[in-house]
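Here are the chains, one letter per residue:
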Amino acid sequence: MAKTGLDNIPFSKAFFLVAAMLCFFCAGCGGSKHPPVELRYQQEEAVKDLQAKDVSYPQTRFVVLSDPHYYHPSLGTSGPDFEAYIRDDRKMLAKSDEILDAAIERVSREKADFILICGDLTKDGEKINHRHVAEKIENLHTSADVYVVPGNHDVANGISRRYTKDGTEPVASVSPEEFKKIYADYGYASCLDADAASLSYVVEPVPGLWVLALDSCLWRENEAGKHPVTDGRFPGQTLKWIEEVLIRARQQEKAVLAFMHHGLMEHYPANEKYYGQYVVDKSDTLTRLFAAYGVRLVFTGHFHAQDITTKSPEQQAARVFDVETGSLVTYPCPYRTVAFSGDGTCTIESRFIESIDSVDKDFPDYARDFAFRGTIGLADKALEGYWVSEKGRDILAPQIAEAYVAHLEGDEKPPEEVLTTKGTGLMGRIVGFSQKDLVHGWWTDLRPADNSLTIDFENSAGSNDHRH
Ligand SMILES: [Fe+2]
Ligand SMILES: [Fe+2]
């Protein structure tokens, strides 16, 4: 597979059948390369005592947005190569400048103490795009502090390029040091502490609350001319740094929340099986670590969907919530507001970009259509590669696109039959059968609700969600 990211090509050639085979052959081969890290909370009595301390989130209100994938129009928005890129991509890149402006205008009007951006700030880590993003953040008409983390596209990207009339030309990406410099005012210069092994840091935006900004990306493994590594992982040194910060937070009675690019946990059944690169490696170890130190909320992005899931590791009462926020350049173009009441509850609401100047018609309709039609096109191409008849493709592709778009939107309400293969021919039935769990997974809304909900941390065995 030349491209592995769903945010680039969700229905690549290898999507059907081969994905399932690869998952089968790779099962069990993930652990040996990365030996387990010994964490202190499991062994040291003094640290165990700290865990019992009750530290709750102080009253505050903040905004979360993700995956703006900024692309400056001066890098080219026409020509056969750009058109080919857009055809194989679910992002409205040509509109990203306008969409980010619209988001900044909306967010400026929110009464927020701080703003978190969960990575994939740029299309492909282009230095010029990072500079424009930093400039736009500077123009936010608000006193709120802004904090960023890198996404897999943002650092040492081997395919940073501009599009010309008859091809592409490479442009500079950024080194980790340059990333820190460009975003010095958005976390790196004001942090309490930073990890030496990654672009992670910790800040205290409001008294009593520490925000762990985690770099889950593998930019060290990126290669020139190749798509950046989609997977996410924390090296042992970073895991140890995270625990040291969490211990200090407990000692100083600070509540902690985290944000990072990769999902902390599965967002639908079969997420790991088909798109494991969207969930951070050692997801359970990390969830247990967070639960042990009372980190109840982790904000993530990467998959471009609106989805919240939760886990309560055995023998630990604390439930951890992974609040994934969709991409600004992918339907439904959301951002979230989060309010801690100060007495143990948290209310999350979602807002959506409603209009941009260059789109006359209803923008949410335009964005949905862009995602839906594009997905049909990619699914059709992939199905054709597996000899599914035209009639079969016409039946299957729209069902796959409906499931995918429903997952992007969140709060999925599945139809009675999520995937019918009737009339699709032999190959249609085989492909439909082998991929049914993925389509079913996209239609499955794991608890709690995805867009609007109130979480009661004191009583969070089930969250007090607003789903009907
Ligand atoms: Fe992304
Ligand atoms: Fe990503």
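Residues numbered from 1 in each chain as written. Chains lettered and ligands numbered in written order. Predicted model: local features only at pLDDT ≥ 70, side-chain atom pairs only at ≥ 80, totals over all residues. Heavy atoms only, no water.

(A) Geometry of the overall build of the protein. Scanning the protein from N- to C-terminus turns up twelve helices and 16 strands. For the protein, buried positions account for 59% of its 468 residues. Looking at the protein as shown, the accessible area adds up to about 19,100 Å², and 51% of this sits on carbon and sulfur atoms. (Helix = DSSP H or I, 4+ residues; strand = E, 2+ residues; numbered from the N terminus. Buried < 20%, exposed > 50% of the residue type's maximum accessible area, 1.4 Å probe, protein only. Areas by Shrake-Rupley, 256 points an atom, 1.4 Å probe, with all protein chains shown as cover.)

(B) Seen up close, the environment of Ala 258. Mapped onto the secondary structure, Ala 258 falls in strand β9 (residues 255–260). A relative accessible area of 0% places Ala 258 in the buried class. For Ala 258 and Trp 210, which are 48 residues apart along the polypeptide, the C-alpha to C-alpha distance reads 8.4 Å. Look past the residues within four positions of Ala 258 in its chain and what remains in contact with it is Leu 212, Leu 214, Phe 290, Val 295, Leu 297, Val 298 and Phe 299. (Contact = heavy atoms within 4.5 Å.)

(C) Spatial organisation of helix α12 (residues 425–443). The sharpest bend along α12 reaches about 55 degrees and sits at Gln 435. Here α12 has its buried residues at Gly 428, Val 431, Gly 432, Gln 435, Leu 438, Val 439, Gly 441, Trp 442 and Trp 443. Residues of α12 that are buried in the fold lie against α8 (271–275), α10 (363–385) and α11 (390–409). (Bend = angle between axes of the 7 residues up to and from the residue.)

(D) Main features of the coordination of the iron ion (ligand 2). Only Asp 120 (OD), Asn 152 (OD1), His 261 (NE2) and His 302 (ND1) from the protein coordinate the iron ion (ligand 2), and they sit 2.2 to 2.3 Å from it. In this structure, the iron ion (ligand 2) is surrounded by four donor atoms whose angles at the metal cover 82 to 161 degrees, and the resulting shape is irregular. Positions of the donor residues of the iron ion (ligand 2), expressed as sequence spacing, correspond to D-x31-N-x108-H-x40-H. (Donors = N, O, S within 2.8 Å, 3.2 Å for Na, K, Ca; no water. Tetrahedral: all angles 85-135°; square planar, octahedral: opposite > 155°, others 65-115°.)

(E) Geometry of the pattern of salt bridges. Scanning the model with the defined rule gives 23 salt bridges in all. Notably, a salt bridge pairs Asp 284 with Lys 311, separated by 3.1 Å at the nearest N-O pair. Of this pair, Asp 284 sits in helix α9 (residues 283–292) while Lys 311 sits in strand β11 (residues 307–311); the two residues are 27 residues apart in sequence, bridging distant segments of the chain. The exposure class assigned to Asp 284 is partly exposed, which follows from its relative accessible area of 43%. (Salt bridge = Lys/Arg side-chain N within 4 Å of Asp/Glu carboxyl O.)

(F) Representation of the sheet that holds strand β12 (residues 320–324) within the structure. Spatial ordering of the open sheet is given by β6-β7-β8-β9-β10-β12-β11, a layout of seven strands whose pairing is mixed. Each having just a single partner strand, β6 (193–194) and β11 make up the two edges of the open sheet. Seen against the sheet, helix α7 (residues 236–251) touches β6, β7 (201–206), β8 (209–214) and β9 and runs at an angle of roughly 175 degrees to β8. (Pairing = 2+ DSSP bridges. Axes fitted to C-alpha atoms, helices over the stretch in contact; angles between N-to-C directions.)

(G) Local environment of α9. In terms of burial, α9 is a largely internal element, seven of the ten residues being buried. The set of residues buried in α9 consists of Ser 283, Leu 286, Thr 287, Leu 289, Phe 290, Ala 291 and Ala 292. One or two residues past the end of α9 sits Gly 294, with phi positive at roughly 75 degrees.

(H) Spotlight on the nonpolar core. Formed by 101 residues in total, the largest nonpolar core has its most connected members in Leu 116, Val 148, Tyr 183, Leu 257, Phe 259, Leu 297 and Phe 299. Broken down by element, the residue count for this core peaks at nine residues, all from α11. Composition of this core by domain shows at least three residues from each of domain 1 (39–356 + 448–465) and domain 2 (363–443). In terms of nonpolar packing, the next biggest core, distinct from the first, is built from 33 residues, Trp 241, Phe 290, Ala 292 and Val 295 among them. (Core = buried A, V, L, I, M, F, W, Y, C linked by side-chain atoms within 4.5 Å. Domains from an automatic or database assignment.)

(I) Summary view of unusual backbone geometry. Between Tyr 331 and the following residue, Pro 332, the backbone shows a cis peptide bond with an omega angle of 5 degrees. Mapping Pro 332 onto the fold places it in the loop between β12 and β13 (334–340). Look at the link from Arg 447 to Pro 448: it is a cis peptide, with omega at 0 degrees. Positive phi is not limited to glycine here, since Ala 156 has a value of about 50 degrees. By secondary structure assignment, the location of Ala 156 is in the loop between β3 (145–148) and β4 (161–164). Backbone geometry places His 304, a non-glycine residue, at a positive phi of 70 degrees. Of the residues examined, His 304 reaches a relative accessible area of 3% and is grouped as buried.

(J) Layout of the packing of aromatic side chains. Under the definition given, this model contains 24 aromatic pairs. Ring geometry for Tyr 41 versus Tyr 293: centroids 5.9 Å apart, planes at 75 degrees, classification edge-to-face. Placement of the pair is Tyr 41 in the loop between α1 (18–26) and α2 (45–51) and Tyr 293 in the loop between α9 and β10 (297–300), with a sequence separation of 252 residues. We classify Tyr 41 as buried; its relative accessible area is 7%. On the accessibility criterion, Tyr 293 (2% relative accessible area) is buried. On the basis of an interplanar angle of 55 degrees and a centroid distance of 6.1 Å, the ring pair of Tyr 85 and Tyr 163 is categorised as tilted. Remark: Tyr 163 occurs in strand β4 and Tyr 85 occurs in helix α3 (residues 80–87); sequence separation between them is 78 residues. Accessibility assignment for this pair places Tyr 85 and Tyr 163 in one class, buried. Among the aromatic residues, those joined into a ring-pair cluster are Tyr 57, Phe 62, Phe 114, Tyr 147, Phe 299, Phe 321, Phe 340 and Phe 457. (Phe/Tyr/Trp six-rings, centres within 6.5 Å; stacked < 30°, edge-to-face > 60°.)

(K) Focus on the pairing of β12. Counting buried positions along β12 yields five of five residues, so the element is predominantly enclosed. Of the two faces of β12, the one lined by Val 320, Asp 322 and Glu 324 and the one lined by Phe 321 and Val 323 are each fully buried. Across five bridges, the pairing between β11 and β12 is antiparallel. Looking across to β12, one finds that Thr 309 is bridged to Asp 322.

(L) Structural detail: the confidence of the model for the protein. Averaged over the protein, the pLDDT score is 89; the fraction of residues at 70 or greater is 90%. This model gives residues 1–32 a pLDDT under 50, and the stretch forms 72 contacts once residues within four places in sequence are excluded. Low pLDDT, under 50, characterises residues 461–468; the predicted model gives this stretch 20 contacts beyond four residues in sequence or across chains. (pLDDT = per-residue confidence, 0-100.)

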